[in-house]
Amino acid sequence: MKKTWTNCWLEYPLIQDQPDVTITVASEWDGVIINRAYHELKRGLESLYHCQVTQAVVTTADIRFLKDPGLSAEGYTINAKKDSCTISAGDEKGILYGSFALLRQLQIAQCPLHELTWQETKVPSNPLRLMIHWDNLPGDIERGYAGDSLFFKNNHILVNERSIDYARLAASAGFNGLVINNSNVAGAAIELISDRFYAPLSRLQEIFHQYGLKLFIAVDFTMPMLMGDLETADPTDPDVQSWWQRKAKEVWENLPGLGGFMVKADSEGRPGPYAYGKNHADGANMLADAVAPYGGLILWRCFVYDCQQDWRDTVTDRAKAGYDHYMPLDGCFRDNVVLEIKNGPMDFQVREPVSPLIGGLAKTQMLLEVQITQEYTGQQRHVCYLLPWFRQILDQDMCCWEGPSKVSDLIQGKRCGKPLGGISAIANTGNDPNWTGHDLAAANFYGIGRLAFDISLSPETIAREWIRLTYGDQPKVEEVLFDILMNSWPVYEKYNAPLGIGWMCNPGFHYGPNPNGYEYSRWGTYHRADHQALGIDRTTAGTGYTAQYAPNLQKLYEDVETCPEEMILFFHRLPYSYMLKTGKNILQHIYDTHFEGAEQAAQFLSRIEGLAGLLPDDVYARMHERFTLQKENAEEWRDVVNTFFYRMTGIPDEHGRTIYP
Ligand code: GCW
């Protein structure tokens, strides 16, 4: 099959032409992952230097893979001293990550291997680093903006050259696992764990395994009814329990080494333990017991809320739902259960506070769930580099105990003292030629993998790395793309929903401006704007949401003076005349940011036009098309949102700019 897709950050653009050089590589020990590491080095080095790479004996090789039992799982040490380079690790995965790290460093340093002097030891910050795909068996992707599924087509599993390249990309970014199917399990996906699919799944799993990636499968809670002939899925029913135990045995016999199951229960129409009067610990633990003999994990999603809630009611608050459902169960989950929690209490909006559940749970293992598929952040038509946002989330101190309590600490299990936890990203990939629709969206795929592996990295470092690896050493390209990436999230936020309000987009599709558009708000608007005020009072005098935070944070959010202004309307209901610290009132802030955002989106386009001739033609053409659309869409957002508030208040822009288009 002719390759019709790009290599993204594994392009390995030429550093120096060295056709006469031969680099030898040798390993102290063998294994399928070590073998992949060798082939990755060979491929990368031959492309970077046009040299030859061959295998040799350990004593004489230029690059040596050494065993160091002292290093923790998946960790590596690289010691490059001009004429010799060693990659040491305690396990095979460490060698693979070390090999990718060496290739990365050579591109950062832009020098030949024998000139590199560099030492680095890294152990991944998070044990779980997962890509979560919402792919459906027919081949479409829920909230997918980069083409069709890489894993499924017409209810069949795809195992091909592209599966290997996907695994290479994921492993090189630092991921170590993936869920391949949508947690809204439907149609043929119900049979994923049956004879119908074991053979191709096992072939796919073998590819992933070679790149250190664990395969996970999303299952439906009512499988015993859908696949078996039981009349209940009650987790306390002995027949249900033994059905799952038999199923787990069969699954692991066919797919040894499988990572485990993911479950979305009692959420958005999905069935779960509530239907039987049971709670989520009953449900998760029943499954956990079934998979425990095989080392399987249960990734239990916490996205549980009443999507039909009455918004006129000022006490029921969707933001409170996650905490209300799961806090009473803290400490009740088995050791092979990990709760997967969205970063915010709502749903991947452009701005939200950190979910209070993350600071609440003291005895439970957690997986932070972020969304790199840009459902609410421009759907990969707009550029929105999300790493600055993820950095803020991870750095948020939840002030919840005397020990380290930043989100990054809590997901690593520093508070609960248990070994599992980490980061999961709702994937943004598909079978588009560039994998991610927008070429710049690949920075989110690369970036969240890197950050999950090394939680100390800055979004700036990651952006520069990604640009360098993808487009080579081109200062002008780097300057422009770096600037656009770093400004993209703030710019997107400016022309979208202001000050933490969220939504204001078309229902269902979640794209394009629609101030009253939240689909579940049939009882009223999400932002509750009227002619005098807007926002939701989530203080203890309002919905009481702020009480879900530890005292210091509660205090911060509760007081309108100290509440971070970018989220002020998430926490407070305020008159349009309320003065922000910038000296502007809320209405003028909305007008100004929307004018600015649209203007900056237009500047992105002209800056990209300055890169004509410097980027590959197809990349430039795709980018040009997307940035043109972004400029037009940003103008539309500006006009629709500004007009909405102008009509609501009757107060014109202080600077006399035209609001009603
Ligand atoms: O954001 C919402 C999406 C749904 C998605 C759900 C979830 C898979 O609109 O499409 O369903 O989140 O996280 O489960």
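Residues numbered from 1 in each chain as written. Predicted model: local features only at pLDDT ≥ 70, side-chain atom pairs only at ≥ 80, totals over all residues. Heavy atoms only, no water.

### With respect to the domain arrangement of the chain
Item 1. Taken as a whole, the chain is organised into domain 1 (8-122), domain 2 (128-464) and domain 3 (495-536 + 573-649).
Item 2. If you look at the interface, domain 1 gives 17 residues, while domain 2 gives 22 residues.
Item 3. At the boundary of domain 1 with domain 2, total buried surface from both sides reaches about 1,800 Å², with 60% on carbon and sulfur atoms.
Item 4. Counting the surface domain 1 buries against domain 2, the share from its top three residues, Trp 9, Tyr 97 and Arg 104, is 34%.
Item 5. If you look at where domain 1 meets domain 2, you find 3 salt bridges.
Item 6. A salt bridge links Glu 74 to Arg 129, with the nearest nitrogen and oxygen atoms 2.9 Å apart.
Item 7. For the pair domain 1 and domain 2, the number of links is 11 residue pairs in polar contact (both at pLDDT 80 or more). (Domains from an automatic or database assignment. Contact = heavy atoms within 4.5 Å. Buried area = accessible area lost by both parts, 1.4 Å probe. Salt bridge = Lys/Arg side-chain N within 4 Å of Asp/Glu carboxyl O. Polar contact = N/O pair within 3.5 Å; in protein donor to acceptor, adjacent residues only side chain to side chain.)

### Things to note about the state of the cysteines
Item 1. Evaluation of the coordinates by the stated rule reveals 0 disulfides.
Item 2. Here Cys 332 stays unpaired: no disulfide links it, and the sulfur of Cys 302, its closest cysteine neighbor, is 13 Å away.
Item 3. The partly exposed category is assigned to Cys 332, whose relative accessible area is 38%. (Disulfide = S-S within 2.5 Å. Buried < 20%, exposed > 50% of the residue type's maximum accessible area, 1.4 Å probe, protein only.)

### Quick notes on the pairing of strand E2 (residues 52-55)
Item 1. Sheet analysis places strand E1 (residues 22-27) next to E2, joined by 4 bridges and oriented parallel. Within the sheet, the bridge partner assigned to Ile 23 lies in E2 and is Val 53.
Item 2. The parallel pair E1 and E2 is bridged by helix H1 (residues 32-49), and the resulting crossover is right-handed. (Pairing = 2+ DSSP bridges. Helix = DSSP H or I, 4+ residues; strand = E, 2+ residues; numbered from the N terminus. Right-handed = clockwise from strand over helix to strand, strands pointing away.)

### Overview of the packing of helix H3 (residues 161-173) against helix H4 (residues 195-210)
Item 1. The contact between H3 and H4 brings their axes to 9 Å, and the two run at 35°. Taken as a pair, H3 and H4 cross one another with a handedness that is right-handed. Where H3 approaches H4, its residues Ser 163, Ile 164, Tyr 166 and Ala 167 are matched on the opposing element by Leu 204, Ile 207 and Phe 208.
Item 2. Here the residues of the contact of H3 with H4 sort into 6 nonpolar, 1 polar and no charged. (Axes fitted to C-alpha atoms, helices over the stretch in contact; angles between N-to-C directions. Left-handed = near helix turned anticlockwise from the far one by under 90°. Nonpolar A, V, L, I, M, F, W, Y, C, P; charged D, E, K, R; others polar.)

### Examining the packing of aromatic side chains
Item 1. For the structure shown, the criterion picks out 29 aromatic pairs.
Item 2. The side chain of Arg 464 reaches across the aromatic face of Phe 482, ending 3.7 Å from its centre. (Phe/Tyr/Trp six-rings, centres within 6.5 Å; stacked < 30°, edge-to-face > 60°. Lys NZ or Arg CZ within 6 Å of the ring centre and 35° of its normal.)

### A look at the pairing of strand E16 (residues 422-426)
Along any regular strand the residues' side chains alternate between the sheet's two faces.
Item 1. Along E16, 5 of the 5 residues are buried, which leaves the element largely enclosed by surrounding structure.
Item 2. Residues Gly 422, Ser 424 and Ile 426 point to one face of E16 and Ile 423 and Ala 425 to the other, with burial holding for every one of them.
Item 3. Pairing between strand E7 (residues 128-132) and E16: 5 bridges, direction parallel. By the bridge assignment, Arg 129 is partnered in E16 with Ile 423.

### Looking at the sheet that holds strand E6 (residues 117-122)
Item 1. If you trace the 6 strands from one edge of the open sheet to the other, you get E2-E1-E3-E5-E4-E6, paired in mixed fashion. Edge positions in the sheet fall to E2 and E6, since each of these pairs with one other strand and no more. In this sheet, neighbouring strand axes are inclined to one another by 15° on average, regardless of whether the strands run parallel or antiparallel.
Item 2. Where strand E4 (residues 76-81) meets strand E5 (residues 84-89), 6 bridges bridge the pair, whose relative direction is antiparallel. The residue of E5 that forms the bridge with Ile 78 is Ile 87.
Item 3. Along the sheet face, H1 touches E1, E2 and strand E3 (63-67) and points at about 160° away from the line of E2.

### Notes on helix H7 (residues 280-291)
Item 1. For H7, which comprises 12 residues, the first-to-last C-alpha distance of 17 Å matches the rise-based estimate of 16 Å (1.5 Å per residue) to within 8%.
Item 2. Extensive coverage of H7 is indicated by the burial of 10 of its 12 residues.
Item 3. Within H7, the full set of buried residues consists of His 280, Ala 281, Gly 283, Ala 284, Asn 285, Met 286, Leu 287, Ala 288, Ala 290 and Val 291.
Item 4. Looking at the buried side of H7, the elements it contacts are helix H6 (238-254), strand E12 (260-263), strand E13 (297-301), helix H8 (321-326) and strand E14 (337-342).
Item 5. One side-chain oxygen of the residue at the start of H7 lies 2.9 Å from the amide nitrogen of Ala 281, identifying that residue as Asn 279. (Expected span 1.5 Å × (residues − 1).)

### Side note on the pattern of salt bridges
Item 1. Per the counting criterion, the structure on display carries 39 salt bridges.
Item 2. In this structure, Glu 191 and Arg 196 form a salt bridge, with 3.3 Å as the shortest nitrogen-oxygen distance.
Item 3. For Glu 191, a relative accessible area of 33% translates into the label partly exposed.
Item 4. Using a relative accessible area of 42% as the deciding quantity, one classes Arg 196 as partly exposed.
Item 5. Within the structure, one salt-bridge network assembled from shared partners comprises Lys 3, Glu 40, Asp 165 and Arg 168.

### Comments concerning helix H14 (residues 475-495)
Item 1. Between the first and last C-alpha of H14 there are 30 Å, a value that for 21 residues agrees with the 30 Å anticipated at 1.5 Å per step.
Item 2. Residue Ser 488 marks the point of greatest curvature in H14, where the axis turns by about 45°; the proline Pro 490 follows within four residues. (Bend = angle between axes of the 7 residues up to and from the residue.)

### Description of the site of the ligand
Item 1. Close to the ligand lie 13 residues; Glu 142, Lys 264, Arg 301, Asp 347 and Glu 375 are nearest.
Item 2. Lys 342 is positioned such that a nitrogen or oxygen atom in its side chain is 2.7 Å from an oxygen atom of the ligand.
Item 3. In the environment of the ligand, an oxygen atom lies 2.6 Å from a nitrogen or oxygen atom belonging to the side chain of Glu 375.
Item 4. In the complex, 97% of the free accessible area of the ligand, which totals 340 Å², lies under the protein chains. (Near = heavy atom within 4 Å. Areas by Shrake-Rupley, 256 points an atom, 1.4 Å probe, with all protein chains shown as cover.)

### Regarding unusual backbone geometry
Item 1. In this structure, His 50 takes a positive phi of about 50° despite not being glycine.
Item 2. Assignment of secondary structure puts His 50 in the loop between H1 and E2.
Item 3. The phi angle at Lys 82 is positive, at roughly 50°, despite the residue not being glycine.
Item 4. With respect to the secondary-structure elements, Lys 82 resides in the loop between E4 and E5.

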